[in-house]
Structures are given as structure tokens and as C-alpha cells.
Amino acid sequence: MLGKGLKRKLEQEEENERKKMDPHQEVMPTFYCLQRQTVLTLSLSKLHSQPAHSDPGLVRRVLITNTLRHIQEELRVEAVLLPQSLATDIKDSFTSALAEIEDLCPAVEITSSLTNSHKFRQTEPVHESMESNMDSALFQFTPSLLDSAQSLFNHCPSLLADFSLDDFLFTEIDNLLFDNTPCSSSPSPSSGSSKVISMTFKSDLNELDHIMEVLVGS
Amino acid sequence: MEEESDFRKINNSFLRDHNYATEADIISTVEFNSTGELLATGDKGGRVVVFQREQESKNQPHRRGEYNVYSTFQSHEPEFDYLKSLEIEEKINKIRWLPQQNAAYFLLSTNDKTVKLWKISERDKRPEGYNLKDEDGRIRDPGTITTLRVPVLQPMDLMVEATPRRVFSNAHTYHINSISVNSDYETFMSTDDLRINLWNLEITNRSFNIVDIKPTNMEELTEVITAAEFHPHQCNTFVYSSSKGSIRLCDMRASALCDNHSKFFEEPEDPSNRSFFSEIISSISDVKFSHSGRYLMTRDYLTVKVWDLNMESKPLETYQVHDYLRSKLCSLYENDCIFDKFECVWNGSDSVIMTGSYNNFFRMFDRNTKRDVTLEASRENSKPRAILKPRKVCVGGKRRKDEISVDSLDFSKKILHTAWHPYENIIAVAATNNLYIFQDKIN
């Protein structure tokens, strides 16, 4: 059977009966979470790696996005209803999905550069002035994503309260796109390499825009 | 034992006729014309190949009307959209024949953006004896002409020429997935992911938008149109299917813009089968009216359903095409096979339906006897004129001889496009770049 061999053992678990998600159930079946994790990762990577030369099909994109939305909705419900200890499992699933995406997609490596705390402090004044220029609709907060953001970037907890996950992704994009504005007078050290990536990032911008819109809760 | 003989009854009737290997490319559409005399295929390279059935000859009664290549032409070329910096593929998505009204044949072929009307005509005579040109076509010096003559038609070798008569372009922002000729023979519709446009066959610079499901904010888009077709007899009625598994029937007399449906067909979801992929596998890849116009057939990833136009709440019949894939959906999502768009067809009397699967298998369901059969279109497994053997997929446990286990299926060999002759038991099956034509055995 054709397949890339991602988490092959999951196939056996697929054959087992799948329990329905019960929001009041405290202990979630692990294989369900595992499969959800896989589907989340797959969906994100599919949306991110559309072929650039020809128009990607709208049908496929809509179906993948709807699948992502469904998973995000489940995560959101779980985060609200479950005790904090289990909520960390949920945010871990999201962060590990993102980590896998970073491995798969070089364009997203930029976000991993933001985990570096000193770099973050450098771009912080840039971001604050940029924020007012961004569409406020992009910055909607959900508790689960805030938590995931925190676990990703636990170097600077004090600053994180005001940020959602979008911010980190879009901060770097802003740096690339608004090269000449006075706000970016302190360029980040990664700007050399990021200029090369900026071309792919510009073309991916709409895609990322769309993903984050979906994930953050439009 | 009894089951086996029943299988034989269905599949014994099919002889393999010829294996036509098209020259390069993957076949992307197959369509018989309204008399079954012609069979058209479109491929990924933008070419159309038309086959014509031989006249039955008394000398060789056992060679009943085989199909031979009649015409080949390049319908669409690759294009480039400079505004979006994107290639427009030349792949032929659909071909639909117009009903024959004179000696020439007409068909509509479409790629993602442009629909073209092609005229296919025969020329077996040519005029000879021009006054101003000589036989080679060179212009004669008027000074040398001393007498006048009337050109005479002389027989010549049969030539089949295809000429583009109309080009219907610039009406679709999204990819065209369907075209359908209206029973009034004057109009046709073209459908993309979000809109349906109505055209007059004579007019190329204007089309009417009859369905538009594009939301003001594209972020809110959750459903797209996947296929559409006109009713075979009622020229005001058409249906379109969606990625959420619903079908809407619209009446053009109700309003100019048919965003509001007359009927809405959807089966409530089975909660015991719910998974992350429920929506994806419910997306309808093809919708076809029966020849009678009383029924609708829809194909989603795992099933084919027959709907009664008078019953919107659930389908009349549901047939499992390859339910053994249900436990493999995650892998099929990973390798993108879950997005494959299978088509489905009715036979001439609406008693049997057919659709494709993987491993070059295709399935037929007899609606009356409720029997079904799995057949394979591949050179290795059948010799010309041999009788097709039914195939079986083994789901678990012991695999019997001649059965194939689910894990051995070749998912790169998919049969997406099939066609059934309008009157006879002749089927055309496209297996990647090969076309198979199967025919009833003569008694």
C-alpha cells in the first residue's frame, strides 16, 4: 500500500473500535488522541505544501481546512472542560504538530528562530508598533492556543500574555515585508537568511494567513 | 456455487475487445455520443481522441462493431495566467457530445478555464478544376487563362477534420469541474468550484451566472460545488453536488439566480461511522441523472447512492464500492488518495450502475438482482477475447486463492473514468493511460 510510513503502527490501532469523544470523560483514549495528532500534523503540512506552479484545487483545500477546524473545535472544547493537567496534553499536541511542521517545511523555520529569547526581545518593539497595523481580526485568543504559545516560548513568560500564536509567525513576516519602515531600525540577526526566504514567505503569506485564521478561531 | 453462477451471468457477457494504448498520456475523461457510434477520450496533454464503431459486416459476424480511431486533435494548450503567475493546465476535464443534427459531429471539451465547441466532419470529396489556381494550389497568372471551367467534385481518401467552432472563455475564476448540455440543445452549463454559468451554444461573449455560492469573505468558505448536470428531459431543471455530500435540485423558472434550491438531498450522518475523515469521504465526486430522469446517482469516496427525485431525506439504494478501505482512511489521507474523484455511470436501461476503484478494479451493481461484481482492467490478467474473471478483495483472515488482500492493492492504478454505451452492453474503462473496451459476447 502506498504510504510514507508515518506512524505505521497507527494502522493497527485504527482497526480497533473508536470511542466517541465524550467531553465529560476525564481520561481520553490514547489512540484517539494519537490519531487526532496525526491528522492535525498531516493537515497542516498539506495546507502548507501546495504546489506553487499551478493553482491548487479549492476542493482539497476546503476539505483539509474543515478537517482542521473540526480538530481545533475539539481541542477548544477539551481545553475548556477538562482540568488543567489534561489541558497540557492538548496544547502539547498542538505544539508538537507545529514542531513537526517546522521540520517538514523550511519556510516555517523562521518561527523557530523566534524561540531564541534575546532575538525575541530585539523584535519586541518592532512588533508592538507593527501590531497596530495588523488586522485586529487576526489576533483572537483562545485559552488552548495561549497555553500552547506559552509552552513554546517559555523563555519570556511576562511578554507572552499579550500574544497569540499568530503574533510570532507574523512578526517575522512583518520584518521581511516592511524592511524600509523606521520601526525596523534594529534588524534581527536572521535578516540575511530571511531575505532569501522572504520570497517564498510572501507567496505563502496568504496560505499562512488562512491557516492561522482558521486555527485562531474565525 | 449458486453465487458463482450468478457472477458468471453478469460477467460472462463481457469479452475483452481491444486494448488501445493511447500514446502518451493519462486519460482524464471518457464519453460515448448519444448513439454510441462514437467514443471520445480526453487526456492530460489536452488531446482528444475519438473512436468510431465499425459498421457490422456480414462477412465477420463475430467481430461485431469494434472501435477504431476516427480523429485525434489537440483541444487545449497549456496557458499561463500572468496576473496570478499560475499555469493553466491543458488537461481535458470533461467532454460532452451534442446530439447529432447533421452529418457533422459536435462535442464540448473543457479544461480548468475554457470550454470549446469542436466540429468533427468528414471530407471524402474535393473540388478539382479551379480557374484561378492550378492543381498544386499556386495562383495562376490571369494572363494565361483562356477558358473557364466549372470545378468538379472528385472522390478522395476519407479525411476527418476537427475544427474549433466556438471558444467559451473568461467566465470562470475557479476550476471547471463539469459541463452539461441542456435538453433544449441550445444551451449548456459550465460549473466551477463556486459558480455555475449558463451559455447559449451560439454566443461566446456572454454567459449567465445561475448559481453562486462564493461567500463575501472567503475565510468563511466551507463548501464547494463538485459536479452539476442538467435533467435529461426537463430543460429547466438541473442538480449540483457539494463537498459536504449534499445535492441541490434547482429550477431555472423559479428565479434567475438559482441560489435557492427546489430540493435538497442529504443523508443524515451515521454516528457510528463518525471519524476525522467523515466529511472528506462524504464529498460527492460525481452526480448523474438516470436516462429516465427519475433517479439520481451520486458517488462519494466509499459508496454509490441512487436517489429518488421525490425523496430528499435519504437515498433509495446505497452500494458499498470498497468498504474495506474504511479502516485505512488515515493512510489514504496521507497519500492523498482520499481526494480521488471517481465517476459513476448508468447503463442504458438504468438497471446496472458502474464505478471504478483501485488496483484497476471496477465494480458493477445490478439494481434489480442486487448482485455485484468486481472486474479488473489490466493486460496481465486478460487476453483479448477472453472472458473477464470476477475479482475479490480479501479483508482479513485467510486469503483464498485468486483473492487479493487489501494491503496488496495498488493505489496508483485507479479507475476514475468509465462510460457505458447508451443502448448496448459495451463499456469503456480508462485505466491510467490505457483504454479498455469491453463488449457483450455474441450468443
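Looking at an unreviewed UniProt entry, one finds chain B named Serine/threonine-protein phosphatase 2A 55 kDa regulatory subunit B and attributed to Triplophysa tibetana. Among the UniProt annotations of chain B, the heading Subunit (unreviewed entry) holds the following wording: "PP2A consists of a common heterodimeric core enzyme, composed of a 36 kDa catalytic subunit (subunit C) and a 65 kDa constant regulatory subunit (PR65 or subunit A), that associates with a variety of regulatory subunits." What UniProt records for chain B under Sequence similarities (unreviewed entry) is the sentence "Belongs to the phosphatase 2A regulatory subunit B family."

Where an unreviewed UniProt entry is consulted, chain A appears under the name SERTA domain-containing protein 2, with the organism given as Triplophysa tibetana.

**Q** Describe the overall build of chain A, and please don't skip the residues or the numbers.
**A** Along chain A, the regular secondary structure elements total 10 helices and 0 strands. When the helices and strands of chain A are placed in sequence order, the string is α-α-α-α-α-α-α-α-α-α. Going through the 218 residues of chain A one by one, you find that 49% of them count as buried. Here the analysis covers contacts within chain A between residues at least 6 apart in sequence; of these, 72% occur between residues at least 24 apart.

**Q** Describe the overall build of chain B, and please don't skip the residues or the numbers.
**A** Helix and strand counts for chain B come out as 3 helices and 32 strands. Its C-alpha atoms give chain B principal-axis dimensions of roughly 90 × 60 × 40 Å. Taking all 443 residues of chain B together, 53% fall into the buried category. Put simply, 54% of the contacts in chain B that link residues at least 6 apart link residues at least 24 apart.

**Q** For the packing of aromatic side chains, give the residues involved together with the corresponding values.
**A** All names here are of chain B. This model, assessed by the stated rule, comprises 19 aromatic pairs over all chains. On the basis of an interplanar angle of 40 degrees and a centroid distance of 4.5 Å, the ring pair of phenylalanine 73 and tryptophan 118 is categorised as tilted. Of this pair, phenylalanine 73 sits in strand β5 (residues 67-74) while tryptophan 118 sits in strand β10 (residues 115-128), placing them 45 residues apart in sequence. Under the relative-accessibility criterion, tryptophan 118 is labelled buried at 6%. Ring plane angle 10 degrees and centroid distance 6.0 Å describe the contact between tyrosine 436 and phenylalanine 438, whose orientation is recorded as stacked. Just as tyrosine 436 is buried, phenylalanine 438 falls in that class too.

**Q** Please set out the sheet that holds strand β25 (residues 352-356) of chain B residue by residue, giving values where relevant.
**A** All names here are of chain B. Across the sheet, which stays open at both edges, the 4 strands sit in the order β24-β25-β26-β27 with antiparallel pairing between neighbours. Of all the strands in the sheet, just β24 (344-346) and β27 (372-376) have a single pairing partner and so form its edges. Neighbouring strand axes in the sheet, compared pairwise and without regard to direction, differ in orientation by 20 degrees on average. Here β25 runs beside strand β26 (residues 361-366); their pairing, made up of 5 bridges, is antiparallel. For glycine 356, the partnering residue across the bridge sits in β26 and is phenylalanine 362.

**Q** How would you explain the sheet that holds strand β3 (residues 38-43) of chain B if you had to name every residue and give the values?
**A** All names here are of chain B. Strand order in the open sheet formed by 4 strands is β2-β3-β4-β5, and the pairing between neighbours is antiparallel. Two strands in the sheet have a free side with no partner beyond their single neighbour: β2 (27-32) and β5. Here the average twist between neighbouring strands, direction ignored, is 20 degrees. For β3 and strand β4 (residues 47-53), the ladder comprises 5 bridges, and the chain directions are antiparallel. The residue of β4 that forms the bridge with glycine 42 is valine 48.

**Q** Give a description of the pairing of strand β22 (residues 303-308) of chain B that names residues and reports values.
**A** The side chains of a regular strand alternate between both faces of the sheet. Residue and element names in this part refer to chain B. In terms of residue burial, β22 counts as a mostly covered element, since 6 of its 6 residues are buried. What you see with β22 is no split at all: Thr303, Lys305 and Trp307 on one side and Val304, Val306 and Asp308 on the other are buried throughout. Summarising the sheet, strand β21 (residues 295-299) and β22 pair through 5 bridges and their orientation is antiparallel. Pairing of methionine 297 across the sheet is with valine 306, part of β22. If you look at the hairpin formed by β21 and β22, you'll find 3 residues sitting between the two strands.

**Q** Explain unusual backbone geometry to me, and be specific about the residues and the numbers.
**A** Residue and element names in this part refer to chain B. With a phi angle near 55 degrees, serine 85 is a residue other than glycine that sits in the positive phi range. Tracing the sequence through the fold places serine 85 in the loop between β6 (79-81) and β7 (86-88). With phi around 60 degrees, asparagine 359 is a residue other than glycine that occupies positive phi space. Mapped onto the secondary structure, asparagine 359 falls in the loop between β25 and β26. Looking at asparagine 359, the relative accessible area reads 8%, which means it is buried.

**Q** Pulling in residues and values, what's your account of the confidence of the model for chain B?
**A** Residue and element names in this part refer to chain B. Predicted confidence across chain B gives a mean pLDDT of 90, with 92% of residues reaching 70 or more. Confidence drops under a pLDDT of 50 for residues 1-24, and excluding neighbours within four residues, the segment shows 72 contacts in the predicted structure. Among the prediction metrics, the complex's ipTM stands at 0.88, with pTM recorded as 0.73.

**Q** Would you mind going over the nonpolar core in detail, with residue names and values included?
**A** In terms of nonpolar packing, the biggest core is built from 42 residues, with Phe277(B), Tyr301(B), Leu325(B), Leu332(B), Tyr333(B), Ile338(B) and Leu409(B) touching the most fellow members. Those elements that provide at least two residues to this core are α2 (30-48) and α3 (58-81) of chain A together with α2 (278-282) and α3 (329-334) of chain B. At 8 residues, α3(A) tops the list of elements feeding residues into this core. Those residues in contact with Ile338(B), other than ones at most four positions away along the chain, are Phe277(B), Ile280(B), Ile281(B), Tyr301(B), Leu329(B), Leu332(B) and Tyr333(B). Judged by nonpolar contacts, the second largest core, of 16 residues, contains Val352(B), Trp420(B), Tyr436(B) and Phe438(B).

Analysis parameters
- Residues numbered from 1 in each chain as written.
- Chains lettered and ligands numbered in written order.
- Predicted model: local features only at pLDDT ≥ 70, side-chain atom pairs only at ≥ 80, totals over all residues.
- Heavy atoms only, no water.
- UniProt positions renumbered as here; feature names shortened; annotations may be inferred.
- Helix = DSSP H or I, 4+ residues; strand = E, 2+ residues; numbered from the N terminus.
- Buried < 20%, exposed > 50% of the residue type's maximum accessible area, 1.4 Å probe, protein only.
- Contact = heavy atoms within 4.5 Å.
- Phe/Tyr/Trp six-rings, centres within 6.5 Å; stacked < 30°, edge-to-face > 60°.
- Pairing = 2+ DSSP bridges.
- Axes fitted to C-alpha atoms, helices over the stretch in contact; angles between N-to-C directions.
- pLDDT = per-residue confidence, 0-100.
- Core = buried A, V, L, I, M, F, W, Y, C linked by side-chain atoms within 4.5 Å.

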